[in-house]
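The primary structure of each chain is shown beneath.
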Amino acid sequence: MNPKTPTIGGKKNLITRRSAIKKMGAAAGAASALTLAPGFVRYVQAQSSAPIKLGFQVHSTGIGAAYGRWYDRTTQAAVKLINEQGGISGRPIELVSEDDGTDPKRGAEVVEKFASQHQVDLVFGTLFSHVVIGAAPRAGELKMPYFVVSEGYHVASGSLNRYVFQPGITDVRSQVSSMAPWIAGNLGKKVTMIFPDYAFGHDHRDYFSAAIAAQGGSIAALLPIPPTESSYTKYFPQIPSDTEVIYHVMVGPGVLTFVKEMGEHYGSNRPQIFGFVDSLEAVDLASPGLEFLEGTYFWEANPRYAGPNQTAFDKFYREKVGVDANGASVSDPKDISTYSHMFGCWETLYVIKQAIEASGYQGPADKARLIEATEAMTGFSASNEHPQGDKLFDGKRHQCYGHQFISKVEGQKLSVVHQTSIEDGQYENDTDYTKQSL
Amino acid sequence: MDLGPHLLLALLEGTVAAFVLAVTALGLSLVFGVMRIVNVAHGEFFMLGAVLAWFLTSLLPEMPFWGFMLAIVGAPLVVGMIAVMADALVLRRLNYEPEATIVATIGLLYILQQAVLTIYGPDARPVVAPISFRVQFPWFGYSGYKFIAIGAAALLLLAAWYGVTRTKFGLIMRATQFDRETAQAFGVPVKLVYAAVFALGAMLAALAGVLIVPLQQAHYLMGLDPLLLSFIVVIIGGLDSLKGTILAAFIIGISDGIISVFFSPTLAKIIATLAVALVLVFRPNGLFGGRSR
């Protein structure tokens, strides 16, 4: 409930006065910095050694809170590391975090606040697709570079604008396209899909349906679930009995209930089950009621359990963020991470660093150069900066593409059984943001 | 699935919803009936019950049964105390003015919700059911705890009915409801009755929250749905009729179960809201409400 400021006659005056005061304050601040902080020589001498201000839009509350907590930890760890290694172009990162309550309306307000109040250089970190779709247009209007870590297909689909990038995590269309051949080959061809009834779920619905049809499979039923649902038993009768594979992807506070109720409904007499790990991000696989998931399969973007094929990069990243070999916090084994998503924050920060350094970005006047430098990138190789693995980057679509994993639940842990190639997730579309004006 | 088992599942789901809803809505109805207060914070007492259940059961992690028993006794007591405080600090000072208390309870809603967000955090946390088993029907399996929840809610409703109609406190309460000033003239301590009724209403909501939390998870926003449904039930049943409230809870709960299983949960919500509109147009005092005096 935000009462709109009434447009009254005195408003223009008021704003002028306020901005005048703000400028005076800034001048006074600068003056005091000059006189009182002689140690800060570099800051005074060259404007370019002032901190780079990054606006971090984070879901600290609302249905995305579990993800937000881990996005925050990952981001803090990456920023600390980058600053220890000399910052970006020799300038330290100053992180400004704002909670958007996992709410599209507040998301747009947060972007606004970053631009007008905090005056950040760019904004990053938004996850939930409805928030991205709600906030991205405002970022475009404000000409604010907006680096999302959302998985949604909305960036690559061309429905957003030139200021929005997703360079740290593969989009849903690519993920599900790369899953379909394995599912059809190993689990079955008649699939019932259970998905959240908003943009993110619709991406799954549209592109998995197409991908499984391309493998000679078919969709037995589609079960969209409203995002605020708290009880799921009533949906299960709609699963046709000739279903060979249940494909589930759920997010939000009800995920544990969802999986438990599915177990109660089916018991041991179940079809094959393939889930996106989103259904269990931040949830302990050893939780009571989840025993029935034994032998089911999950997509993972980044394996939660450090298996025999763990890379040195993953080991480094895990240690820096403070995650143990079971994907839980090192300080609390019950605090499970959102391991298949949060690496996106880490990698996005390194892409931002690379883009700022490549473009010679000095301040907001150089935003166009920053956008063009990001668009010029073609890919990232597996490294401490990109611990999830190699990626291709499509500058026209503003989207990256990486490897995906399929894991089986064995002994209440996930073990990787298949890794896709980047080519498995390729698709055709004609998005070209570079044609839009800056 | 065939029609028979499909209907059975729908009825089971509807019955669970109806019993829990009846307990929640009864609390709202009592508070309105006696105090004439529309308690917008009612759902937050439900949420507090669930969150406290999480806290109390986590004190005894090795003994889920006794942890749950502790929760079912402890959570309503704590919530009752919070309600007594809210009554003394807020409602009494507003002299129980109907309009002022609506605004005040909206404030209370946000205070409770944000306090839980600050202290407990934004996560949804599971509570283990005291007794968990799975009932295997020939066509599908069903959570055994849901039957326990039905039984416990039925006992609570019986106890509430007995309390209101057969005890001295119930008599005093009904007298206050019927005519506050005359009751006061006859020596009924109206202020005390108000505090007790507000606490009782909150405790009923908290008990419903404790019963539901092993089926869902404790989350700071979980009070919104039961609040909306309780209002629907209380309006349809008649704002000061306990019998009407319980009957309406069953109509709404079971039709919700059937419509959401056979059609869609969204349609069930649409129909319930439409029913409220129709009742308000054609029988403004609810299906079982008496004439306003």
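Below you will find a few notes about this structure. Positions within a chain are numbered from 1, following the residues in the order the chain's sequence is written. Labels follow written order: the first chain is A, the first ligand is 1, and so on. Thresholds applied to this predicted model are a pLDDT of at least 70 for local features of residues and 80 or more for the giving and counting of side-chain atom pairs; totals over whole chains, interfaces and linings are not thresholded and use all residues.

Before going further, it helps to examine the overall build of chain A. Helix and strand assignments come from DSSP, with helices taken as H or I runs of at least 4 residues and strands as E runs of at least 2, each series counted from the N terminus. Along chain A, the regular secondary structure elements total 11 helices and 17 strands. Here the C-beta atoms are placed from the backbone, and a residue counts as buried if at least 20 other C-beta atoms lie within 10 Å of its own, exposed if 12 or fewer do, and partly exposed otherwise. The proportion of buried residues among the 438 residues of chain A is 50%. Contact between two residues is assigned when their C-beta atoms, built from the backbone, lie within 7 Å. Partitioning the intrachain contacts of chain A with sequence separation of at least 6 by distance along the chain shows that 69% fall at a separation of at least 24.

Residue and element names in this part refer to chain A. For helix 9 (residues 312-321), every residue scored as buried is listed here: Asp314, Tyr317, Arg318 and Val321. One side of helix 9 carries all its buried residues, which in axial view fall inside an arc of 100°. In helix 9, the exposed positions angled more than 90 degrees off the buried face are occupied by Ala312 and Glu319. In this fold, the buried residues of helix 9 make contact with helix 3 (65-84) and helix 10 (339-359). The arc under discussion is defined with respect to the helix axis, by the directions toward the C-beta atoms.

Moving on, we come to the nonpolar core. Residue and element names in this part refer to chain A. Put simply, a nonpolar core is buried Ala, Val, Leu, Ile, Met, Phe, Trp, Tyr and Cys residues tied into one set by C-beta atoms within 7 Å. The biggest cluster of nonpolar side chains holds 113 residues, and the ones touching the most others in it are Val123, Ala139, Tyr146 and Val164. Considering every element that reaches this core, the biggest residue donor is helix 10, with 11 residues. Shared between two domains, this core holds at least three residues of each, these being domain 2 (50-171 + 343-401 + 431-435) and domain 3 (172-307 + 402-425). Apart from the residues lying within four places of it in its own chain, the contact partners of Val164 are Ala136, Ala139, Gly140, Tyr146, Val148, Val155 and His398. The domain boundaries here were taken from an automatic or database domain assignment.

Residues and elements named next belong to chain A. Strand pairing requires that DSSP identify at least two bridges connecting the strands. Inspection of the sheet shows strand 16 (residues 405-410) paired to strand 17 (residues 413-419) by 6 bridges, in the antiparallel sense. Looking at the pairing, Val409 lines up with Leu414 of strand 17. Counting the residues that bridge the hairpin from strand 16 to strand 17 gives 2 residues, and of these Gly411 lies at a positive phi of roughly 60°.

Attention now moves to the interface of chain A and chain B. Across the contact, 21 residues belong to chain A and 27 residues belong to chain B. Those elements that provide at least two residues to the side of chain A that touches chain B are helix 3 and helix 8 (255-266) of chain A. Three categories are distinguished: nonpolar for Ala, Val, Leu, Ile, Met, Phe, Trp, Tyr, Cys and Pro, charged for Asp, Glu, Lys and Arg, and polar for the others, with Gly belonging to the last. A class-by-class count of the residues in the side of chain A that touches chain B yields 8 nonpolar, 10 polar and 3 charged.

So, on to the sheet that holds strand 14 (residues 391-394) of chain A. Residue and element names in this part refer to chain A. One open sheet holds the 3 strands; their spatial order is 13-14-15, and the pairing between them is antiparallel. Because the sheet does not close on itself, it has two edges, and the strands there are strand 13 (379-380) and strand 15 (399-402). The pairing of strand 13 with strand 14 spans 2 bridges and is antiparallel. If you follow Gly379 over to strand 14, its bridge partner there is Leu392.

Bringing the packing of helix 6 (residues 168-178) of chain B against helix 8 (residues 190-212) of chain B into the picture now. Residue and element names in this part refer to chain B. At their nearest, the axes of helix 6 and helix 8 sit 10 Å apart, and the two run at 105° to each other. Classed by the angle they form, the pair helix 6 and helix 8 counts as roughly perpendicular. Listed contacts from helix 8 to Ile172, Met173 and Thr176 of helix 6 are Val190, Val193 and Val197. Its residues assigned to classes, the contact of helix 6 with helix 8 shows 5 nonpolar, 1 polar and no charged. All axes are obtained by fitting lines to C-alpha atoms, using only the stretch in contact for helices, and the reported angles, taken between N-to-C directions, cover 0 to 180 degrees. Small angles under 35 degrees read as roughly parallel and large ones over 145 as roughly antiparallel, with 65 to 115 read as roughly perpendicular and the rest as oblique.

None of this, on its own, says anything about what the molecule does.
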